[in-house]
Structure formats: C-alpha cells, structure tokens
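# Report on the structure
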Amino acid sequence: MNEYVLRTRGLTKRYKNQLALDSVDLAIRQGAIYGFIGQNGAGKSTLMKLVTGLAFQTSGTIELFGETGEKELIRSRKRMGVAIETPALYPSMTARENLEAHRLQRGIPGKDCIARTLELVGLEGTGRKTARNFSLGMKQRLALGVALLGDPEFLILDEPTNGLDPMGVVEMRELLQKLNRERGITILISSHILSELDLVATYYGIIHRGKLLEQMTAKELREKCRHYLHIKVDEPQRAAAVFERELATSEYEVMADGVIRLYAHLENPARVSRALVESGLEVEQFMPTGEDLESYFTARIGGGKHV
Ligand SMILES: Nc1ncnc2c1ncn2[C@@H]1O[C@H](COP(=O)(O)OP(=O)(O)OP(=O)(O)O)[C@@H](O)[C@H]1O
C-alpha cells in the first residue's frame, strides 16, 4: 500500500494574470485528516479542482495513490469522493432521490448503498422533505453523502463546515472522525477558520496567496501554540537553577535573548515569581503568554512574529 494518498510537486495554476497556485508540494499520508487552511482566495479550491480533474494545472505533477500517468489518474480518481464548492444537489428532490440520482449518474451498482449512506450522514428520517427546505447543515451532510457513494478511500471536502452553527461544526467533525476511524478514509478538508479544523485535523497545511507556507502535524501545531510564562530576569541561568531546585521542573527553555519560557506551573504564577524573588533575582518581565490556533494562523499569514 502507498504511504501517500496524494502528493503534488511544483503544482502551479495560472488564470490569465492571476497566479492561483504557486509551485505547491503537498503530501497527504494514508489515514490522515489533512486540514487545508487559508483565507478566501488563497488557492484551496484551485488545488482541489486540479486534484479532482475539474481543472488542469499550468505546470507540476499530481500523484494519486502512487500514480501519475494521465490514464492512471483517471482510474485513481474513481477511488475519491468529492464535495467542492456548491454541492450538486437537486433542490426539488428528497435526500434519498438526490443520492439515487447521483448513484445512477456515476454508474454505481446496487441500490442498497443509498439507505446505508442516508443513515451514515444522519438523514434517514427526512422522508418527503426536499433539499430546498433543508438547513445548511443538512445540505452539507447530503453533499457529504453524495461524496461517499461508491465507498471512496479518499474524501476531498471544500469548506464542509462553511456557514454551520457551532453544533453543526461539532456534528460534521464527529462524522468525519467516524469515517476516518471506522472506514480508514483519508480526508482532505479545507477551511478559512482554523478553529473549525481543530480537534479533527491530524495534519495541517497552511496556504497563502497560492503558496503552501507550512505543513505540520496537529501535535506540532499545538506545540507552536503552547502556553508558557514569559520571564525575564537579570540572571537567567540562576533562574533555571531555581526552577529545577525550588519548583522541581525542567519544562523551560532559555531563549537566545535570555528570556525564559516556563511551560509548567501555569496555574500558579505567584509561586513562580515568589521563588524567583526569594532567590534574590530581579524580575524584569513576567507574563503568561501563548496563542490560540487562530492567532497563530493570522500571525503566520500576516507576516507577524512567527514569520
Ligand atoms: N476560474 C477562475 N478564473 C480566474 N481566476 C480564478 C478562477 N478561479 C479562481 N481564481 C482566482 O484564483 C485565486 C485562488 O482562488 P481559490 O478559489 O482557489 O481560493 P480559495 O482558497 O478556495 O478561496 P475561497 O474559500 O474563497 O474559495 C483567487 O485569486 C481567485 O480569484
């Protein structure tokens, strides 16, 4: 089995004067839930369209399930399920009829997948109600149902939580986790709101103005957003000894400028400052610091302190 479900190399797309994707090298491992994060217009949909064959690249290569040839890619794409932009739903049809229409269009044999899919996306009780009268969350779930027909191994979902209320976001997250866990489906999911991908993505790619700025595991991202006490004292090495001896912790870093990041005792900063002062150290700066995911993302794309 291939380690990577999708790899792009130097993937570039130019629309007239607009460079929508600029030499993107993206890699998605089998079993990952890859959160693709970028502002509106960053290039997320463009990448998804190239991968799914809805548009063609200006240059660069796409490797799907280890295949790169034109014919092989067509075959590999049959192993994917896709929901990009406005889902192709028929407003005057029920959920069941919508799925049936898509099943026939795509030549997927066997009617029994319809009931299974309706149940999987939680739309089995919607009866005669037509898609026109569905809530946004129901429409998103139906679009996911359409993508799931044919039992894909790889799902590509463009902003599936867009416009959902917080409860809808949680439901979508749980559904995607279930598909990933129980069926081993690899998922590429885009959003312009990082917190909507939080807790679901196992891997992140940050795209900005067509460039993939960074790829990292969820763990690495959490590390970067780690909270700590920012401490500046006159003698950092002696402060380090105080942490070890008085506070019994080695969870700190002394930065090049002498600032110390203490990752422990965050719940009791008074104890930390007391230990430092009682050891005769002069405390110049002392503040709890850290970022949430959203501000990390904003800083990363906005040329903030992480760049
Ligand atoms: N068919 C097209 N013709 C011309 N320019 C396009 C076309 N499609 C996309 N673009 C441009 O390419 C850039 C990337 O767009 P893309 O839709 O991929 O961004 P996105 O990250 O998916 O954002 P959104 O969340 O708004 O869809 C944008 O500047 C957009 O205006």
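Residues numbered from 1 in each chain as written. Predicted model: local features only at pLDDT ≥ 70, side-chain atom pairs only at ≥ 80, totals over all residues.

An unreviewed UniProt entry lists the chain under the name ATP-binding cassette domain-containing protein, with Cohnella zeiphila given as the organism. A UniProt comment under Sequence similarities (unreviewed entry) is attached to the chain, and it reads "Belongs to the ABC transporter superfamily." (UniProt positions renumbered as here; feature names shortened; annotations may be inferred.)

Let us look at the overall build of the chain. Looking only at helices and strands, the chain features eleven helices and 14 strands. When the backbone C-alpha atoms are referred to their principal axes, the chain occupies close to 80 × 45 × 40 Å. By the burial criterion, 36% of the 307 residues in the chain qualify as buried. A sequence separation of at least 24 residues applies to 68% of the contacts in the chain between residues at least 6 apart. (Helix = DSSP H or I, 4+ residues; strand = E, 2+ residues; numbered from the N terminus. Buried ≥ 20, exposed ≤ 12 C-beta atoms within 10 Å, placed from the backbone. Contact = placed C-beta atoms within 7 Å.)

So, on to the site of the ligand. In the vicinity of the ligand, the contacting residues are Tyr 15, Gln 18, Ala 20, Gly 38, Asn 40, Gly 41, Ala 42, Gly 43, Lys 44, Ser 45, Thr 46 and His 192. Looking at which element gives the most residues to the shell around the ligand, the answer is helix 1 (residues 44-52), with three residues. Its residues placed into classes, the shell around the ligand shows three nonpolar, eight polar and one charged. (Near = placed C-beta within 6 Å. Nonpolar A, V, L, I, M, F, W, Y, C, P; charged D, E, K, R; others polar.)

Direction vectors running N to C along helix 3 (residues 95-105) and helix 5 (residues 136-148) enclose 30°, while the axes themselves pass 9 Å from each other. When the interaxial angle is binned, helix 3 and helix 5 end up roughly parallel. Helix-helix and strand crossings are classified by hand; for helix 3 and helix 5 the assignment is right-handed. Counting all contacts with helix 3, which are made through Ala 95, Asn 98, Leu 99 and His 102, the residues of helix 5 involved are Leu 142, Gly 145 and Val 146. (Axes fitted to C-alpha atoms, helices over the stretch in contact; angles between N-to-C directions. Parallel < 35°, antiparallel > 145°, perpendicular 65-115°, else oblique. Left-handed = near helix turned anticlockwise from the far one by under 90°.)

The sheet built from four strands is open, its strands ordered 12-13-11-14 with antiparallel pairing. Of all the strands in the sheet, just strand 12 (252-254) and strand 14 (283-289) have a single pairing partner and so form its edges. Between one strand axis and the next, the sheet turns by 15° as a mean value, whatever way the strands run. Each of strand 11 (228-233), strand 12 and strand 13 (260-262) is contacted by helix 9 (residues 236-246), which is oriented at about 170° to strand 12, the strand it contacts most. Across the sheet, helix 10 (residues 269-278) touches strand 11, strand 13 and strand 14, and the angle it forms with strand 14 is around 160°. (Pairing = 2+ DSSP bridges.)

Summarising burial for helix 1: eight of the nine residues are buried, a large majority. Along helix 1, the residues classified as buried are Lys 44, Ser 45, Thr 46, Leu 47, Met 48, Lys 49, Leu 50 and Val 51. The positive-phi residue at the C-terminal boundary of helix 1 is Gly 53, with phi of around 85°.

Let us look at the sheet that holds strand 10 (residues 211-217). Pairing is mixed across the open sheet formed by six strands, whose spatial order is 6-7-8-4-9-10. The two strands at the open ends of the sheet, each matched to only one other strand, are strand 6 (80-83) and strand 10. Neighbour to neighbour, the strand axes of the sheet diverge by 15° on average, direction disregarded. Note: strand 7 (residues 154-157) against strand 8 (residues 186-191), four bridges, orientation parallel. Bridge assignment links Phe 154 to a residue of strand 8, and that residue is Thr 186. In the packing of helix 5 onto the sheet, the strands contacted are strand 6 and strand 7, and the crossing angle to strand 6 comes to about 155°.

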